[in-house]
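Observations on the three-dimensional arrangement
Spelled out from the first residue to the last, the chains are:
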Amino acid sequence: RFDLLLKRTEILILTSTAVSLKILCDLVDEDGFECLTKLSVRELYDLEYLINTADGIPQSAFHVLEILDLQCLWTFKGITSHECRQPNKAFRALKVLSMESLPELTNLWKGPTQLVWLGNLTSVKVLGCHKLESMFSLSIARDLVQLQDLRIGDCRVMKEIVSSEGVEHEMA
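The residue count restarts for each chain, going from 1 along the sequence in the order it is written. At least 70 in pLDDT is required for a residue's local features to be given in this predicted model, at least 80 for side-chain atom pairs to be given and counted, and no such filter applies to totals for whole chains, interfaces and linings, which use all residues. Working from all heavy atoms in the structure, the side-chain values ignore hydrogens and water.

**Description of the sheet that holds strand β2 (residues 38–42)**
- One requirement defines pairing of two strands: DSSP has to find at least two bridges between them. A run of H or I in DSSP becomes a helix once it reaches four residues, and a run of E becomes a strand once it reaches two; helices and strands are each numbered from the N terminus. Read from one edge to the other, the open sheet built from six strands follows the order β1-β2-β4-β6-β7-β9, with strand pairing classed as parallel. A strand with exactly one partner marks an edge of an open sheet, and here the two such strands are β1 (11–15) and β9 (149–153). Sheet twist, expressed as the mean angle between neighbouring strand axes with direction ignored, is 5 degrees.
- Direction of pairing for β2 relative to strand β4 (residues 67–71): parallel, over a ladder of five bridges. If you follow Arg 42 over to β4, its bridge partner there is Gln 71. Every angle, taken between N-to-C directions, lies between 0 and 180 degrees, and every axis is a line fitted to C-alpha atoms, over only the stretch in contact when it is a helix.

**Points about the packing of aromatic side chains**
- Within 6.5 Å between ring centres, the rings of Phe, Tyr and Trp (the latter by its six-membered ring) count as paired, and their orientation is classed by plane angle as stacked under 30 degrees, edge-to-face over 60, tilted in between. One pass over the full model with this rule turns up one aromatic pair.
- With a centroid separation of 5.4 Å and an interplanar angle of 20 degrees, the aromatic rings of Phe 62 and Phe 91 are classed as stacked. Within this pair, whereas Phe 62 is found in the loop between β3 (49–51) and β4, its partner Phe 91 is found in the loop between β5 (78–80) and β6 (96–100), the two being separated by 29 residues in sequence. Phe 91 carries the same exposure label as Phe 62, and that label is buried. Burial classification: accessible surface area is computed with a 1.4 Å probe over protein chains only, and a residue below 20% of its type maximum counts as buried, one above 50% as exposed, and the rest as partly exposed.

**Concerning unusual backbone geometry**
- Not every positive phi belongs to a glycine, and Cys 72 is a case in point at roughly 55 degrees.
- Within the secondary structure, Cys 72 sits in the loop between β4 and β5.
- Despite not being glycine, Ser 101 has its phi angle at roughly 55 degrees, a positive value.
- If you trace the backbone, Ser 101 turns up in the loop between β6 and β7 (123–127).

**Overview of the side chain of Asp 69**
- Checked against the element boundaries, Asp 69 lands in strand β4.
- Given a relative accessible area of 9%, Asp 69 falls into the buried group.
- Contact criterion: two residues are considered in contact whenever any of their non-hydrogen atoms come within 4.5 Å of each other. Not counting the four nearest positions on each side in its chain, Asp 69 is found in contact with Leu 39, Ser 40, Val 41, Arg 42 and Ser 98.

**Notes on a nonpolar patch on the surface**
- Patch membership is restricted to residues that have no salt bridge and whose relative accessible area is over 30%. Joining uses 9 Å for like charges and 5 Å for the nonpolar side chains Val, Leu, Ile, Met, Phe, Trp and Tyr. Residue-level accessible areas treat just the shown protein chains as cover; the underlying method is Shrake-Rupley with a 1.4 Å probe. By salt bridge we mean one thing: a side-chain nitrogen of Lys or Arg within 4 Å of a carboxyl oxygen of Asp or Glu. A cluster of nonpolar side chains, contributed by Leu 138, Leu 150, Ile 152, Ile 161 and Val 162, occupies part of the molecular surface with about 340 Å² of accessible area.
- Within the element layout of this structure, Val 162 appears in strand β10 (residues 160–163).

**Side note on the state of the cysteines**
- The disulfide definition used here is simple: a pair of cysteine sulfur atoms within 2.5 Å. Inspection of every chain in the model, using the stated rule, returns zero disulfides.
- The thiol of Cys 129 is not disulfide-bonded; the next cysteine sulfur, from Cys 155, is found 5.0 Å away.

**Overview of the nonpolar core**
- Grouped together as the largest cluster of nonpolar side chains are 42 residues, with contacts concentrated most on Leu 24, Leu 50, Phe 62, Leu 68 and Phe 91.
- At the level of elements, β1, β2, β3, β4, β6, β7 and β8 (134–137) are the ones that each hand at least two residues to this core.
- Excluding residues that lie within four positions of it along the chain, Leu 50 makes contacts with Ile 23, Leu 24, Cys 25, Phe 62, Leu 68, Leu 70, Phe 76, Gly 78, Ile 79 and Phe 91. For our purposes a nonpolar core is just a set of buried Ala, Val, Leu, Ile, Met, Phe, Trp, Tyr and Cys residues, chained together by side-chain atoms within 4.5 Å.

Written out as structure tokens, the structure is:
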């Protein structure tokens with residue numbers, strides 16, 4: 001079965017597939033991508049979210065992921081599809097985050113950002129995310145002690161990098 005292969009995959013590069021895919025984690029069962037350390041997603045024109053969080057985030061969803069590269073995803077709205085209200089281990093190993101040409105992205109994480117920990121991030125690149133108003137909530141920014149490289153460009157409505165206000169338009 002294809003989903004068993006994906007569960008054991010360490011590096012996954014998805015580009016221009018003919019399959020209509022709105023949520024990436026629909027490719028695997030509830031255990032998620034158990035071994036995935038690098039994920040690159042490009043030109044999947046129907047992709048809206050990485051994780052369906054209607055029932056919360058599976059604890060194993062991207063828990064060892066170190067590199068996330070998202071490019072040319074014209075309908076991509078965010079990492080999570082619904083508000084998350086419980087702490088989780090997703091993205092705790094993430095070191096490199098690159099996002100380019102995501103014109104519909106308004107936020108990556110829905111819900112309280114104090115439940116998200118991105119303290120291992122060393123590099124963040126955000127280009128062409130025209131609807132993103134701010135990058136990080138104050139609670140996320142406080143944990144970014146490893147961050148060495150931050151690049152932002154062509155984000156038309158970006159007002160601030162660190163927002164101390166609500167979580168509506170935060171990246172994470």
